[in-house]
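Summary of the model geometry
Each chain, letter by letter, is given below.
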Amino acid sequence: MSRVAFIGLGNMGGGMAANLAQKGETVTAFDLSDAALERAVGKGAKRAASAEEAVTDADAVITMLPAGRHVEQLFGRDVLGKAPTSAILIDCSTIDVDTARRVEGAAQAGGYAMVDAPVSGGIAAADGGTLTFMVGGSADGFERARPYLEKMGNAVIHAGDAGAGQAAKICNNMLLGATMAATCETFALAQKLGLDLQTFYDISSKASGQSWSMTSYCPVPGVGPQTPADRDYEGGFQAQLMLKDLKLAMEAAKAAGAYTPMGGEAEELYQRFVDRGGATKDFSALIKMIDDSWTP
Ligand code: NAD
């Protein structure tokens, strides 16, 4: 049994910390939100009065925070120099590649091993312990992080050096945003051309237009497997989080000099959808803006 400091117990972190506690780790938790902290305590974590207190005697420090600025500030102020250097540091937040590399560089300079380990899978996967982790960092850091990550997920993949986990995450989500946008406009066109949407699904899901956005996450209610579309686009992966990831992908593309017109188009579409009131809807609800029936 190890001592795990878990910081950031929101929609994702709450379930992740609960899985660690349930699987025998001693979890000491901290969140700026008392309600989030209280929920974690209800699921087996010990309460810390501050992030610094949580990390004091930790074997592993895991963070699940909103964005890069939160991660950089927390590690600079409360983790580096405060946690024992024997602790493995694992940031699971989705943040920009440059910040991830900067924080990992600072950790290394302070004598720590650190990995970036963003996740794929939403709140249900965090609660169920079935996340996919894509991990950036040294081979040694990866091996030290792996036993903790395996308690929260069912796939843990080493993507490469520091920042590679974040790079894989934003590339994956750029592809997801672009294929979902294409799937939405395709179904809208199919309808306008008079096709029955279930019939079109049956054809395209077995033809060369098939993709995960169509066969596992169909944006049309009543077509394909059960998805957020069947729950009025509630739950699932919020459009504002997809927009955040597309913005990270576009920043990274700009910095790397990569040409990503489809990613850029997807970013614009999601920005428009969020501006029109769709921020908290599942990202597949984009179809309602595309087929003109969107009423926020
Ligand atoms: P959230 O806003 O629900 O949770 C973040 C938590 O961090 C909040 O409880 C907040 O109070 C806490 N926090 C912020 N700053 C803090 C600080 N300095 N000290 C302690 N606590 C602090 O967000 P979430 O949905 O859990 O997402 C977390 C990360 O996971 C994000 O980077 C997001 O992009 C990523 N992610 C989310 C999903 C999803 O479906 N929600 C899926 C994959 C990845």
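Residues numbered from 1 in each chain as written. Predicted model: local features only at pLDDT ≥ 70, side-chain atom pairs only at ≥ 80, totals over all residues.

As annotated in an unreviewed UniProt entry, the chain carries the name 3-hydroxyisobutyrate dehydrogenase and is attributed to Sphingomonas ginkgonis. Recorded in UniProt under Pathway (unreviewed entry), the annotation for the chain is "Amino-acid degradation; L-valine degradation." According to the UniProt record, the Sequence similarities (unreviewed entry) comment for the chain reads "Belongs to the HIBADH-related family." (UniProt positions renumbered as here; feature names shortened; annotations may be inferred.)

Focus: the overall build of the chain
The secondary structure content of the chain amounts to 13 helices and nine strands. Radius of gyration (C-alpha) of the chain: 20 Å, near the 19 Å computed for a compact globule of 296 residues. The principal-axis extent of the C-alpha atoms belonging to the chain is close to 65 × 45 × 35 Å. The buried share among the 296 residues of the chain stands at 49%. (Helix = DSSP H or I, 4+ residues; strand = E, 2+ residues; numbered from the N terminus. Rg over C-alpha atoms; globule rule 2.2 N^0.38 Å. Buried ≥ 20, exposed ≤ 12 C-beta atoms within 10 Å, placed from the backbone.)

Focus: the UniProt feature "active site" (unreviewed entry) in the chain
In the UniProt entry, the feature "active site" (unreviewed entry) is given for K169. Tracing the backbone shows K169 in helix α8 (residues 164-192). The class of K169 is buried, set by 27 C-beta atoms lying within 10 Å. If near-sequence neighbours (up to four positions away) are discounted, K169 is found in contact with T94, P118 and M134. (Contact = placed C-beta atoms within 7 Å.)

Brief notes about the domain arrangement of the chain
On domain assignment, one finds that the chain holds domain 1 (3-161) and domain 2 (167-290). Taking only C-alpha atoms, the centre of domain 1 and the centre of domain 2 are 29 Å apart. Facing eight residues of domain 1, the contacting portion of domain 2 comprises ten residues. Among the residues forming the side of domain 1 that touches domain 2, the class breakdown is four nonpolar, three polar and one charged. (Domains from an automatic or database assignment. Nonpolar A, V, L, I, M, F, W, Y, C, P; charged D, E, K, R; others polar.)

Considerations on the pairing of strand β2 (residues 26-30)
Among the five residues in β2, four count as buried, and that is most of the element. Alignment of strand β1 (residues 3-7) against β2, held across five bridges, turns out to be parallel. What sits directly across from I7, in β2, is F30. In terms of handedness, the path from β1 via helix α1 (residues 13-22) over to β2 forms a crossover that is right-handed. Here two bridges tie β2 to strand β3 (residues 46-47), and the two strands are oriented parallel to one another. Its bridge partner being in β3, T28 is matched across the sheet by K46. (Pairing = 2+ DSSP bridges. Right-handed = clockwise from strand over helix to strand, strands pointing away.)

Some points on the pairing of strand β4 (residues 60-63)
Every regular strand shows the same layout, with side chains that alternate between the two sheet faces. The alternating pattern of β4 places A60 and I62 on one face and V61 and T63 on the opposite face, and all of these are buried. One ladder, built from four bridges, connects β1 with β4; its direction is parallel. Directly across from I7, in β4, lies its bridge partner T63. With four bridges joining them, β4 and strand β5 (residues 88-91) adopt parallel strand pairing. Counterpart to A60 in the pairing with β5 is I88. Assessed by its sense of winding, the connection that carries the chain from β4 through helix α4 (residues 68-79) to β5 is right-handed.

Points about the site of the ligand
The ligand sits among 26 residues. The nearest are G8, G10, N11, M12 and G122. Looking at the shell around the ligand, the elements with two or more residues in it are α4 and α11 (239-256). Along the lines of polarity and charge, the residues of the shell around the ligand split into 15 nonpolar, nine polar and two charged. Viewed by domain, the shell around the ligand spans two of them, domain 1 (3-161) and domain 2 (167-290), each represented by three or more residues. (Near = placed C-beta within 6 Å.)

Some remarks on the packing of α4 against helix α5 (residues 97-109)
Describing two packed helices takes the angle between their axes plus the distance from one axis to the other. Two numbers describe how α4 lies on α5: the axes approach to 10 Å, and their chain directions differ by 10°. Classed by the angle they form, the pair α4 and α5 counts as roughly parallel. Each of G68, V71, E72 and F75 in α4 lies in contact with α5, whose residues at this interface are T99, R102, V103, A106 and A107. Grouping the constituent residues of the contact of α4 with α5 by class yields five nonpolar, two polar and two charged. (Axes fitted to C-alpha atoms, helices over the stretch in contact; angles between N-to-C directions. Parallel < 35°, antiparallel > 145°, perpendicular 65-115°, else oblique.)

Section: helix α12 (residues 261-278)
For α12, the full list of buried residues reads G263, A266, E267, L269, Y270, F273 and G278. Buried residues along α12 sit in contact with α8, α11 and α13 (286-290).

Comments concerning the environment of P221
Mapped onto the secondary structure, P221 falls in the loop between α10 (212-215) and α11. In the structure, P221 is positioned twelve residues away from Y233 in sequence and 9.0 Å away in space, judged by C-alpha atoms. Beyond its immediate chain neighbours, meaning those up to four positions away, P221 contacts A229 and D230.

Concerning unusual backbone geometry
Phi is positive for D232, close to 50°, though the residue is something other than glycine. With respect to the helices and strands, the residue D232 is situated in the loop between α10 and α11. Positive phi is not limited to glycine here, since Y233 has a value of about 65°. Within the secondary structure, Y233 sits in the loop between α10 and α11.

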